[in-house]
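# Close look at the chain arrangement
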Amino acid sequence: MTSLLDHRLLFVTGKGGVGKSTVASALALLASTQGKKTLVCEVEPKGDLSALYECGPTSFAGREIAEHLWAMSMDTEASLREYLKINLRVPVVGRIGPLARAFDFVATAAPGVREILVVGKLCWEVREQNWDLIVVDASATGHVIGQLAAPQAINSLVKVGLVRQQTDWMLDILSDPAKTGLCVVTTPEEMPVNETIELAGRVGAETTVSLSTVIVNRVLPELFGANEEAMFEALCAEEVARTLAVESGGDVGLIFEGAHLAVTMRRTQAAHLDRLRKHIDAAVPFLFLPYLFTRVHGLRTTRKVARAIDEELGS
């Protein structure tokens, strides 16, 4: 299996709130520190990249934000403008106005038309070999299938001609597991795990893209081994706890309650992870990222996640 960062195009998706954008940013940052010329693209321009890299606003044009690292935000109108200029040799000056409105009408009626401008732009960058790696902060799990399957949707509508030829080479790139991969970010909780299992099935059935890895974010550490846990339970006995409180001069009950809570949460996570592993193809690797106890999500957090991914990849 192609190593995660050896792909040319890597889509990162996940249920909202699991840290998808943070992981995508960290993957791109890690690749750039390894000397790969890397482009990170946010499909839904909400300013996440700007916050995670502390780099200011990003645009469709893209800009260098660190050594070997460029960032851009997708813009379907700009992508359409670029497509017309490159492929149809149509000069477009200023806003494309009526053409954009016509496109919106067609995109509403035909599946995959709007998404093809997103996927097509990314595949074109791969075909032109402009980057060693493109990391895509893709749409959430509920919408990413439409993006990945856009060339197939267009192919089902158009059988001949230039548009068909365009989608054919896109499919060649998306279908090559050595070039393109999908990374699903989840957390060890019921709803994210359910969505990840459902997505894994749909990816195989409805797209030609390969599921490259599942990244489990916010995994709590294991506090005790089997022997240590038995000792901890013994210390929690009422008489022992009372003795410890007298000797320590304070109430140790809160400490024990906190430890119990942490153990319970870890066990709950483990159960969700067991279920996730059982429903995902055994050939798909898992990466586990620790829970970062921080409220601030900026470049410092992105670097921490990048280091954690690096350790998981065994680099």
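As a starting point, this report considers the structure included with it. (Residues numbered from 1 in each chain as written. Predicted model: local features only at pLDDT ≥ 70, side-chain atom pairs only at ≥ 80, totals over all residues. Heavy atoms only, no water.)

## Observations concerning the nonpolar core
This is how it is decided: Joining through side-chain atoms within 4.5 Å is the link that ties buried Ala, Val, Leu, Ile, Met, Phe, Trp, Tyr and Cys residues into a set, and such a set is a nonpolar core. Here's how the labels work: a residue is buried when its accessible area is under 20% of the maximum for its type, exposed when over 50%, partly exposed in between, all with a 1.4 Å probe on protein chains only. The numbering of helices and of strands both runs from the N terminus, where a helix is a DSSP run of H or I of at least 4 residues and a strand a run of E of at least 2. Contacts between residues were defined by any pair of non-hydrogen atoms, one from each residue, lying within 4.5 Å.
Within the largest apolar cluster, 49 residues are counted, with the highest numbers of intra-cluster contacts made by Leu9, Phe11 and Leu122. Examining the composition of this core, we find that nine residues originate from one element, helix H5 (residues 113-127), more than from any other. Setting aside residues no more than four positions away along its own chain, Leu122 makes contact with Leu9, Phe11, Cys41, Met74, Ile134 and Val136. With 31 residues, the next largest nonpolar core counts Leu27, Ala28, Leu69 and Ile309 among its residues.

## Description of helix H9 (residues 190-206)
What counts is decided by this rule: The length a helix should cover is 1.5 Å for every residue beyond the first. What the arc describes is the spread of directions from the helix axis to the C-beta atoms.
When the terminal C-alpha atoms of H9 are compared, their 24 Å separation across 17 residues agrees well with the 24 Å that a helix rising 1.5 Å per residue should span. Among the residues making up H9, those that are buried are Pro192, Val193, Thr196, Ile197, Leu199 and Val203. Down the axis of H9, the smallest arc covering the buried residues is 165°, so these residues share one side.

## Some remarks on the pattern of salt bridges
We count it as follows: For this document, the term salt bridge refers to a Lys or Arg side-chain nitrogen within 4 Å of an Asp or Glu carboxyl oxygen.
Per the counting criterion, the structure on display carries nine salt bridges. A salt bridge links Glu195 to Lys15; the shortest N-O distance between them is 3.6 Å. Highlighted residues: Glu195 in helix H9 and Lys15 in the loop between strand E1 (9-14) and helix H1 (20-33), separated in sequence by 180 residues. With relative accessibility at 26%, the residue Lys15 sits in the partly exposed group.

## Here we look at the packing of aromatic side chains
Note the threshold: Centres within 6.5 Å make a pair out of two Phe, Tyr or Trp rings, where for Trp the six-membered ring is used; the pair is then stacked when the planes are under 30 degrees apart, edge-to-face when over 60, and tilted otherwise. In our convention, an over-ring charge means Lys NZ or Arg CZ found within 6 Å of a ring centre and within 35 degrees of that ring's normal.
Tallying each qualifying case throughout the model produces three aromatic pairs. A ring pair is formed by Trp70 and Trp131, whose centres lie 5.3 Å apart and whose planes are at 65°; its orientation type is edge-to-face. With Trp70 in strand E4 (residues 69-73) and Trp131 in the loop between H5 and strand E5 (133-137), this residue pair connects regions lying 61 residues apart in the sequence. The ring centre of Trp169 lies 4.2 Å from the NZ or CZ of Arg127, which sits over that ring.

## Considerations on a positive patch on the surface
Quick reminder of the rule: Each patch is built from salt-bridge-free residues with over 30% relative accessible area, joining like charges within 9 Å and nonpolar side chains (Val, Leu, Ile, Met, Phe, Trp, Tyr) within 5 Å. All accessible-area figures derive from a Shrake-Rupley calculation using a 1.4 Å probe, and residue coverage is judged against the displayed protein chains alone. In this count, Lys and Arg are taken as positive residues and Asp and Glu as negative ones, while His and the chain termini are left out. Charge positions are represented by NZ for Lys, CZ for Arg, CG for Asp and CD for Glu.
Taken together, Arg300, Arg303, Lys304 and Arg307 make up a surface patch of like positive charges. Assignment of secondary structure puts Arg303 in helix H13 (residues 299-313).

## Observations regarding the sheet that holds strand E8 (residues 286-290)
Heads up, the condition is: Strands were regarded as paired on the criterion that DSSP finds at least two bridges between them. Here an angle of 0 to 180 degrees is reported between the N-to-C directions of two axes, which are lines fitted to C-alpha atoms, with helices fitted over the stretch in contact.
Spatial strand order, E3-E4-E2-E5-E1-E6-E7-E8: eight strands in an open sheet with mixed pairing. One side of each edge strand has no neighbouring strand; the edge strands of this open sheet are strand E3 (63-66) and E8. Put simply, the sheet's adjacent strands are angled 25° from each other on average, direction ignored. The pairing of strand E7 (residues 211-219) with E8 spans four bridges and is parallel.

## Some details on the packing of H1 against H13
Here is the rule we go by: For classification purposes, an angle smaller than 35 degrees is called roughly parallel, one larger than 145 roughly antiparallel, one from 65 to 115 roughly perpendicular, and anything else oblique. Note on convention: near helix rotated counterclockwise from far helix by under a right angle means a left-handed crossing. Clockwise means right-handed. Three residue categories are used. Nonpolar comprises Ala, Val, Leu, Ile, Met, Phe, Trp, Tyr, Cys and Pro, charged comprises Asp, Glu, Lys and Arg, and polar comprises the others, including Gly.
Between H1 and H13, the least distance of the axes is 8 Å, while the angle of their chain directions is 70°. As judged from the angle between their axes, H1 and H13 are roughly perpendicular. Here H1 and H13 pass one another in a crossing that is right-handed. Counted together, Thr22, Val23, Ser25, Ala26, Leu27, Leu29 and Leu30 of H1 and Thr301, Thr302, Arg303, Val305, Ala306, Ile309, Asp310 and Leu313 of H13 form the full contact between these two elements. In terms of residue class, the contact of H1 with H13 is built from nine nonpolar, four polar and two charged.

## Digging into the pairing of E4
A large share of E4 lies buried, amounting to four of its five residues. As judged from the five bridges shared by strand E2 (residues 38-42) and E4, these two strands associate in the parallel manner. Looking at the pairing, Thr38 lines up with Leu69 of E4. Sheet topology places E3 next to E4; three bridges connect them, and they run antiparallel. Paired with Arg63 across the two strands is Ala71, which belongs to E4.

## Digging into the side chain of Thr302
When you line up the elements, Thr302 lands in helix H13. Residue classification places Thr302 among the buried residues on the basis of a relative accessible area of 0%. Residues in contact with Thr302, not counting those within four places in the same chain, are Ser25, Ala26, Leu29, Leu52 and Tyr53.

## Details of unusual backbone geometry
Of note, the phi angle at Gln129 is positive, near 55°, even though the residue is not glycine. Summarising the element assignment, Gln129 is placed in the loop between H5 and E5. Even without being glycine, Arg218 reaches a positive phi, approximately 60°. Tracing the sequence through the fold places Arg218 in strand E7. Note on Arg218: relative accessible area 28%, which makes it partly exposed.

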